[in-house]
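# Coordinate inspection notes
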Amino acid sequence: MYEDCKDCIATKWCKIYKGEVQGSKNPWCSAKYRLEEALKLSRIPKIYIEANIYNYDVDKDNQENYKIIKKVVDNIIETVEGGTNFFFYGASPGTGKTFNASVIINHYIYKSCLTSRFDFENPLGLYIVYADLIDDLRYRRDQDYVQNTLRLINQVPLLLIDDVGSGSNSDFSREQTYIIMNNRINNGLSTIYTSNLSIIELKKSDNLGSRNVSRLLNNTIGLEFKGDDRRVKSARRAGL
Ligand SMILES: Nc1ncnc2c1ncn2[C@@H]1O[C@H](COP(=O)(O)OP(=O)(O)OP(=O)(O)O)[C@@H](O)[C@H]1O
Ligand SMILES: [Mg+2]
């Protein structure tokens, strides 16, 4: 155990913390340092940074999806290296689409941040909100931040595109989406998509369109999320 352990998110599964593996003699934990750096580069929002299989609430609404997510997580490196894609959909808000997508990306980071794959510069997984990305590409394309994001999108082993198809769609957004999807598929890179829309809705020519949806469904595990809004449940717990 290290002094560092007290605010480490990995204590639920860390073998050093559990005493199963001997840590180094250093007074600090290099694994924690690597994990924190990898998570920072991933841009995962704060509320999903601890979304993982150890903090996963299972109930009647998500028990079937949980079993599939658990299998994916148990095999995460092979799954990502195999270029598997994911599509998490469901019209109701707050049912866990982004949470489950974050579970996958977080576990990939946990497993790969301690390997030579991580170079402290390039993210292993990257979180992007679709509407923000399209907005950036349309209005701020020349900015360094946007250029860098675009480079990462084309290279990162695991990309999470949250709320694909949301926002105002146009020929421009469809074209940009096509370029990104096509490039990732051609390079065998894994992508997780979430959406409030169904495949039928996304296929419409005024949304993503059929060519993009065909790519979205390439080598893809699709899961529907239903049930109660978990945000409302947590508000009730807070006494509202
Ligand atoms: N299995 C779970 N265990 C613990 N917390 C969860 C679980 N599923 C969802 N949550 C929490 O419930 C809230 C809503 O989940 P989430 O943000 O994933 O919903 P969503 O389906 O993406 O909603 P939206 O359609 O509005 O984007 C979040 O705070 C999330 O952390
Ligand atoms: Mg969401």
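Report follows, based on the coordinates. (Residues numbered from 1 in each chain as written. Chains lettered and ligands numbered in written order. Predicted model: local features only at pLDDT ≥ 70, side-chain atom pairs only at ≥ 80, totals over all residues. Heavy atoms only, no water.)

Secondary structure assignment for the protein yields ten helices and five strands. For the protein, the C-alpha radius of gyration of 19 Å lies close to 18 Å, the compact-globule estimate for 240 residues. Seen through its C-alpha atoms, the protein measures out along the principal axes to roughly 60 × 45 × 35 Å. Across the 240 residues in the protein, those meeting the buried criterion constitute 43%. Contacts in the protein between residues at least 24 apart in sequence constitute 81% of all its contacts with a sequence separation of at least 6. As presented, the protein carries roughly 12900 Å² of accessible surface, and 49% of it is formed by carbon and sulfur atoms. Positive and negative charge centroids in the protein, built from 33 and 30 side chains respectively, lie 3 Å apart. (Helix = DSSP H or I, 4+ residues; strand = E, 2+ residues; numbered from the N terminus. Rg over C-alpha atoms; globule rule 2.2 N^0.38 Å. Buried < 20%, exposed > 50% of the residue type's maximum accessible area, 1.4 Å probe, protein only. Contact = heavy atoms within 4.5 Å. Areas by Shrake-Rupley, 256 points an atom, 1.4 Å probe, with all protein chains shown as cover. Lys, Arg positive; Asp, Glu negative; His and termini not counted. Charge placed at Lys NZ, Arg CZ, Asp CG, Glu CD.)

So, about the sheet that holds strand 3 (residues 158–162). Across the sheet, which stays open at both edges, the five strands sit in the order 2-3-4-1-5 with parallel pairing between neighbours. Edge positions in the open sheet fall to strand 2 (125–129) and strand 5 (220–224), since each of these has one partner strand only. Direction aside, the axes of adjacent strands within the sheet are offset by 15 degrees on average. Pairing of strand 1 (residues 85–89) with strand 4 (residues 190–195), which is carried by four bridges, proceeds in the parallel orientation. Across the sheet, F87 pairs through a bridge with Y193, a residue of strand 4. (Pairing = 2+ DSSP bridges. Axes fitted to C-alpha atoms, helices over the stretch in contact; angles between N-to-C directions.)

Moving on: empty space enclosed by the protein. Taken as a whole and assessed by the stated rule, the structure comprises three cavities of 30 Å³ or more. One number sums up the size of the largest cavity: a volume of about 50 Å³. Mapped onto the lining of the largest cavity, the elements with two or more residues apiece are helix 5 (130–139) and helix 7 (171–186). Considering each element in turn, the lining of the largest cavity owes the most residues, three residues, to helix 7. (1 Å grid on protein atoms, 1.4 Å probe; cavity = no way out; pocket = protein on both sides within 12 Å on 5 of 7 lines; lining within 4 Å. Points joined across faces, edges and corners; volume = space filled by probe spheres on them.)

The next thing to look at is the side chain of T194. Among the secondary structure elements, T194 is positioned in strand 4. Residue classification places T194 among the buried residues on the basis of a relative accessible area of 0%. There is a polar contact of 2.8 Å between the side chain of T194 and the backbone nitrogen of D163. The contacts of T194, once residues within four sequence positions are left out, are F88, K97, T98, A101, L160, I161, D162, D163 and V164. (Polar contact = N/O pair within 3.5 Å; in protein donor to acceptor, adjacent residues only side chain to side chain.)

On to the nonpolar core, then. Counting residues in hydrophobic clusters, the biggest one holds 35 residues, and the most contacted among them are I69, F88, I104, I109 and I192. Breaking this core down by element, the ones donating at least two residues are helix 1 (30–42), helix 2 (63–74), helix 3 (76–81), strand 1, helix 4 (97–112) and strand 3. The leading source of residues in this core is helix 4, at seven residues. The contacts of I104, once residues within four sequence positions are left out, are I69, V72, I76, F86, F88, L158 and I192. Ranked by size, the runner-up nonpolar core spans 22 residues in total, among them V146, V164, M181 and L208. (Core = buried A, V, L, I, M, F, W, Y, C linked by side-chain atoms within 4.5 Å.)

Further remarks concern the pairing of strand 2. Within strand 2, four of the five residues are buried, which leaves it mostly tucked inside the rest of the structure. Where strand 2 and strand 3 come together, five bridges link them in parallel fashion. Pairing of I128 across the sheet is with I161, part of strand 3.

Residues in contact with ligand 1 amount to 15 residues; listed here are only the nearest, Y48, G94, K97, T98 and F99. The contact in question runs from an oxygen atom of ligand 1 to an N or O atom on the backbone of G96, over 3.1 Å. A distance of 2.8 Å separates an oxygen atom of ligand 1 from a polar backbone atom of F99. Taking 630 Å² as the accessible area of ligand 1 by itself, protein coverage stands at 85%. When residues in the shell around ligand 1 are grouped by element, the largest group, three residues, is from helix 4. (Near = heavy atom within 4 Å.)

This next bit is on unusual backbone geometry. As a rule of thumb, non-glycine residues mostly have phi less than zero, and peptide bonds are mostly trans rather than cis. Of note in this structure, F120 is not a glycine but carries a positive phi near 70 degrees. By the secondary structure assignment, F120 is in the loop between helix 4 and strand 2. One non-glycine residue, N219, lies in the positive phi region at around 55 degrees. Here N219 is to be found in the loop between helix 9 (210–216) and strand 5. Among the residues examined, N219 registers a relative accessible area of 44% and is labelled partly exposed.

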